[in-house]
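Commentary on secondary and tertiary structure
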Amino acid sequence: TGGLRRTSEDKIGRRFQSYFGYPTIPEGTGGRASFSSTSPLLSVAYKITPSVSTYLRYAEGFKGGGFNGEADSIKDSTIPFRPETLKALELGLKSSLLDGRAIVNMALFRNRSSDQQQAVFNAGTTAGSTVANIAESTTSGFEVEAALRVTPDLRLQLGYGYLHGKYDKFPDSNGKNVADNIAVVRMPKHSLNL
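In what follows, the accompanying structure is described. (Residues numbered from 1 in each chain as written. Predicted model: local features only at pLDDT ≥ 70, side-chain atom pairs only at ≥ 80, totals over all residues. Heavy atoms only, no water.)

Considering the overall build of the chain
Tallying secondary structure elements over the chain gives one helix and eight strands in all. If you list the helices and strands of the chain from N to C, you get β-β-β-α-β-β-β-β-β. Scaling as 2.2 N^0.38, a compact globule of 194 residues should have a C-alpha radius of gyration of about 16 Å, whereas the chain reaches 23 Å, well beyond that. For the chain, the proportion of its 194 residues judged to be buried stands at 26%. In the chain, the share of contacts with a sequence separation of at least 24, taken over all contacts with a separation of at least 6, comes to 55%. For the chain, the accessible area works out to roughly 13200 Å², and carbon and sulfur atoms hold 56% of it. Within the chain, one finds 23 positive and 18 negative side-chain charges whose respective centroids are separated by 3 Å. (Helix = DSSP H or I, 4+ residues; strand = E, 2+ residues; numbered from the N terminus. Rg over C-alpha atoms; globule rule 2.2 N^0.38 Å. Buried < 20%, exposed > 50% of the residue type's maximum accessible area, 1.4 Å probe, protein only. Contact = heavy atoms within 4.5 Å. Areas by Shrake-Rupley, 256 points an atom, 1.4 Å probe, with all protein chains shown as cover. Lys, Arg positive; Asp, Glu negative; His and termini not counted. Charge placed at Lys NZ, Arg CZ, Asp CG, Glu CD.)

Structure (structure tokens):
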């Protein structure tokens, strides 16, 4: 199976600010940017037996860029941040057992993100965060899920996932790569559901 997805975006960032009715930032201040991407998908599947199949899948993803409308300076609010891209590779196995009453599925995966959009805290005139393309990261792991229909009214399900993520590039304010000292947030190493 193969496919292509074409994404085209036109974005406008506008900013206006006034203080007691007097403009401190002129109306119409902002920027315009266009982003586009062609993202492929390729999947190869093979049926080992009538009830067990395996697959290998490669896909690319795209997250559009944009503007920081609440940036500290007018200049920063008119410069867009770039799109984020993802390359994903997955190897999996799917099975239907016991005349369809049980399933066991497994998947190994590796994802590589480039130009990763990160909220960066800056303590300027007003403390806040702006989005910037500063990171590159690699995420890998595996998932296993199993289910058994014990009776027509009772189904047991078990799922486990292992996830390992690390930044490959994460420059600090001086441009030094501090990726080894930065944790990837919102990424639990183990997940289990029953």
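Next comes the rest of the account.
Topic: the side chain of asparagine 105
If you trace the backbone, asparagine 105 turns up in strand β5 (residues 102-123). From its side chain, asparagine 105 meets the backbone nitrogen of serine 95 in a polar contact 3.4 Å long. Ignoring sequence-local partners within four residues, the contact set of asparagine 105 consists of Leu93, Lys94, Ser95, Glu143, Val144 and Glu145. (Polar contact = N/O pair within 3.5 Å; in protein donor to acceptor, adjacent residues only side chain to side chain.)

A look at the nonpolar core
Among the nonpolar cores identified, the biggest contains five residues, and these are Ile134, Ala135, Tyr167, Phe170 and Ala179. Setting aside chain neighbours within four positions, we find alanine 179 in contact with Tyr167, Asp168, Lys169 and Phe170. (Core = buried A, V, L, I, M, F, W, Y, C linked by side-chain atoms within 4.5 Å.)

A few points about the environment of leucine 97
Mapped onto the secondary structure, leucine 97 falls in strand β4 (residues 84-97). Residues leucine 97 and proline 50, spaced 47 residues apart in sequence, show a C-alpha to C-alpha distance of 10.0 Å. If sequence neighbours within four positions are ignored, leucine 97 has contacts with Ser51, Ala102 and Val104.

Concerning the packing of aromatic side chains
A complete count under the given rule lists three aromatic pairs for this structure. Joined through ring pairs, the aromatic side chains of Phe142, Tyr160 and Tyr162 make up one cluster. (Phe/Tyr/Trp six-rings, centres within 6.5 Å; stacked < 30°, edge-to-face > 60°.)

Concerning the environment of glycine 141
With respect to the helices and strands, glycine 141 occurs in strand β6 (residues 127-151). Considered as a pair, glycine 141 and glycine 159 are 18 residues apart in the sequence and their alpha carbons are 14 Å apart. Each residue touching glycine 141, except ones within four places of it in the same chain, is listed here: Ala107, Leu108, Phe109, Tyr162 and Leu163.

Observations concerning unusual backbone geometry
The phi torsion of most residues other than glycine is negative, and most of the peptide bonds are trans. Phi angles above zero are rare outside glycine, and leucine 98 is one such case at about 50°. Of note, leucine 98 is situated in the loop between β4 and β5. One non-glycine residue, aspartate 99, lies in the positive phi region at around 55°. By the secondary structure assignment, aspartate 99 is in the loop between β4 and β5. By relative accessible area, which is 83% here, aspartate 99 ends up exposed.

Examining the side chain of asparagine 68
One can find asparagine 68 in the loop between β3 (52-63) and α1 (74-78). The class for asparagine 68 is buried, based on a relative accessible area of 12%. Separated by 2.8 Å, the side chain of asparagine 68 and the backbone nitrogen of valine 131 make a polar contact. When near neighbours in sequence (up to four residues on either side) are disregarded, asparagine 68 contacts Asp76, Ser77, Phe81, Thr130 and Val131.

A short note on the pattern of salt bridges
Going through the model one piece at a time under the given rule, you end up with five salt bridges. Between arginine 82 and aspartate 115 there is a salt bridge, and its shortest N-O distance comes to 2.8 Å. With arginine 82 in the loop between α1 and β4 and aspartate 115 in strand β5, this residue pair connects regions lying 33 residues apart in the sequence. Its relative accessible area of 28% is what places aspartate 115 among the partly exposed residues. Among the ionic pairs, aspartate 168 bridges to arginine 112, the shortest N-O distance being 2.8 Å. With aspartate 168 in strand β7 (residues 154-169) and arginine 112 in strand β5, this residue pair connects regions lying 56 residues apart in the sequence. One network of salt bridges, with partners in common, ties together Arg112, Glu136, Lys166 and Asp168. (Salt bridge = Lys/Arg side-chain N within 4 Å of Asp/Glu carboxyl O.)

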